[in-house]
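Here are the chains, one letter per residue:
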Amino acid sequence: MSAAEHRNWPLVPLRHLVLLNALTGGLEFSASAIFTYVPPMLLKAGVGDTFMTTVMGLGPLIGIFAIPIIGQASDRCTSRYGRRRPFIFAISLGVIFAMLLIPYAEVLSLYLHEESRIQAL
């Protein structure tokens, strides 16, 4: 690409760059919180190392298949809010809900473990 062609590109406003980086920063913050706090909670709840690594690997594995499916669905979306915004909003709500559950993971695991033990009797 020549310098003349490069000069004809429209400039991206700084506001858009900041918003894009804020989105990426939020995703990285969520991922780092999950990978920092979840393994000790799983170990404390009595989950073995092998099962814990399986659980931690499921997210990226599901992402490999879910991202193209979600992308295809958003390409076909005809919402008045645009093609991407409804999906970004819904996934963001899911991430926020999951992040709010992290502090209660130990209590939930004890509750779920107790329920499964009662059902087995």
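This report concerns the structure included in the present document. This is a predicted model, so every value here is computed, not measured.

1. A few points about the overall build of the protein chain
- Helix and strand content of the protein chain: five helices and zero strands.
- Along the chain direction, N to C, the helices and strands of the protein chain fall in the order α-α-α-α-α.
- Across the 121 residues that make up the protein chain, the buried fraction comes to 10%.
- Long-range pairs, those at least 24 residues apart, make up 32% of the contacts in the protein chain with a sequence separation of at least 6.
- With the model as given, the accessible surface of the protein chain reaches about 10,200 Å², and the carbon-plus-sulfur share is 71%.

2. Things to note about the nonpolar core
- Within the largest apolar cluster, five residues are counted, these being V38, L42, V47, M52 and M56.
- Among the elements of the structure, α2 (14–44) and α3 (49–76) are those that each provide at least two residues to this core.
- Excluding its chain neighbours within four sequence positions, the residues that come into contact with M52 are P39, L42, L43 and V47.

3. Here's the deal with the environment of V95
- Note on placement: V95 falls in helix α4 (residues 85–101).
- With 65 residues separating them in the primary sequence, V95 and S30 have C-alpha atoms 7.7 Å apart.

4. Focus on α3
- Helix length check: α3, at 28 residues, gives a terminal C-alpha distance of 41 Å against a target of 40 Å (1.5 Å per residue), a fit within 8%.
- A bend of about 35 degrees at I64 is the largest found in α3, and the proline P68 appears one to four places after it.

5. Considerations on a nonpolar patch on the surface
- Taken together, the side chains of F97, L101, Y104, V107, L108, Y111 and L112 make up a nonpolar region of the molecular surface, amounting to roughly 750 Å² of accessible area.
- Mapped onto the nonpolar patch, the elements with two or more residues apiece are α4 and α5 (105–120).
- Among the elements that make up the nonpolar patch, the one with the highest residue count is α5 (four residues).
- Relative to the assigned elements, L112 resides in helix α5.

6. Here's the deal with the packing of α2 against α3
- Between α2 and α3, the shortest axis-to-axis distance is 10 Å and the interhelical angle comes to 150 degrees. Judged by the angle between their axes, α2 and α3 are roughly antiparallel. Where α2 crosses over α3, the two elements pack in a sense that is right-handed. Contacts between α2 and α3 involve I34, F35, V38, P39, L42 and L43 from the former and D49, M52, V55 and M56 from the latter.
- A class-by-class count of the residues in the contact of α2 with α3 yields nine nonpolar, no polar and one charged.

7. So, the side chain of S74
- For S74, the location among the structural elements is in helix α3.
- The residues contacting S74, other than those within four sequence positions of it, are R83, R84 and F87.

8. Some remarks on the pattern of salt bridges
- Taken as a whole and judged by the stated rule, the model has two salt bridges.
- When the shortest N-O distance is used, the salt bridge between R83 and D75 registers 4.0 Å.
- Across the pair R84 and D75 runs a salt bridge, and its minimum N-O distance is 2.8 Å.
- Ionic contacts of the salt-bridge type, sharing partners, join the residues D75, R83 and R84 into one network.

Calculation criteria
Residues numbered from 1 in each chain as written. Predicted model: local features only at pLDDT ≥ 70, side-chain atom pairs only at ≥ 80, totals over all residues. Heavy atoms only, no water. Helix = DSSP H or I, 4+ residues; strand = E, 2+ residues; numbered from the N terminus. Buried < 20%, exposed > 50% of the residue type's maximum accessible area, 1.4 Å probe, protein only. Contact = heavy atoms within 4.5 Å. Areas by Shrake-Rupley, 256 points an atom, 1.4 Å probe, with all protein chains shown as cover. Core = buried A, V, L, I, M, F, W, Y, C linked by side-chain atoms within 4.5 Å. Expected span 1.5 Å × (residues − 1). Bend = angle between axes of the 7 residues up to and from the residue. Patch = residues over 30% accessible without salt bridge, like charges linked within 9 Å, V, L, I, M, F, W, Y side chains within 5 Å. Salt bridge = Lys/Arg side-chain N within 4 Å of Asp/Glu carboxyl O. Axes fitted to C-alpha atoms, helices over the stretch in contact; angles between N-to-C directions. Parallel < 35°, antiparallel > 145°, perpendicular 65-115°, else oblique. Left-handed = near helix turned anticlockwise from the far one by under 90°. Nonpolar A, V, L, I, M, F, W, Y, C, P; charged D, E, K, R; others polar.

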